[in-house]
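A closer look at the structure
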Amino acid sequence: LDIIGAYLIECDRFPDDRGCFQELYRDERYPMFQACKQISFSSSKANVIRGIHCSPYGKLVSCVKGKIFYVCVDLREESPTFK
C-alpha cells in the first residue's frame, strides 16, 4: 500500500463439505502484528459509514461478510507518508 506500515493481507480460504476454514492470524506468518494491543468486532448494516478514529497502535481490520471500503490516513508527523 502507499502508506508505510500499512499492509493488505488476503488469507487463503479452504472450503469443504462442512463449510470452510480460514486462518486470520498466526504470529510466525505476520511478525508485523506481534505487538497486537486490541481485537474488536463490529457489524454494520448496508450502506453504513463509521467514523475515522485515530489510535496510537496498529489495527487489524477484516471483512467476514459483504464488502468493505477502508480508509487509512497516516497522521504520524515524522512519517514520509504523512497525510
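Structure: above.
This report concerns the structure included in the present document. (Residues numbered from 1 in each chain as written. Predicted model: local features only at pLDDT ≥ 70, side-chain atom pairs only at ≥ 80, totals over all residues. Heavy atoms only, no water.)

1. Points about the pairing of strand β1 (residues 13–16)
Across four bridges, β1 lies against strand β2 (residues 19–22) in antiparallel orientation. Across the sheet, residue P15 finds its bridge partner in β2, namely C20. (Pairing = 2+ DSSP bridges. Helix = DSSP H or I, 4+ residues; strand = E, 2+ residues; numbered from the N terminus.)

2. Section: the pattern of salt bridges
Under the criterion given, the structure shown has two salt bridges. The shortest N-O distance in the salt bridge between D74 and R76 comes to 2.8 Å. By relative accessible area, which is 37% here, R76 ends up partly exposed. (Salt bridge = Lys/Arg side-chain N within 4 Å of Asp/Glu carboxyl O. Buried < 20%, exposed > 50% of the residue type's maximum accessible area, 1.4 Å probe, protein only.)

3. What about the environment of S42?
Relative to the helices and strands, S42 resides in the segment after β2. When the C-alpha positions of S42 and C63 are compared, they lie 9.8 Å apart, and in sequence the two are 21 residues distant.

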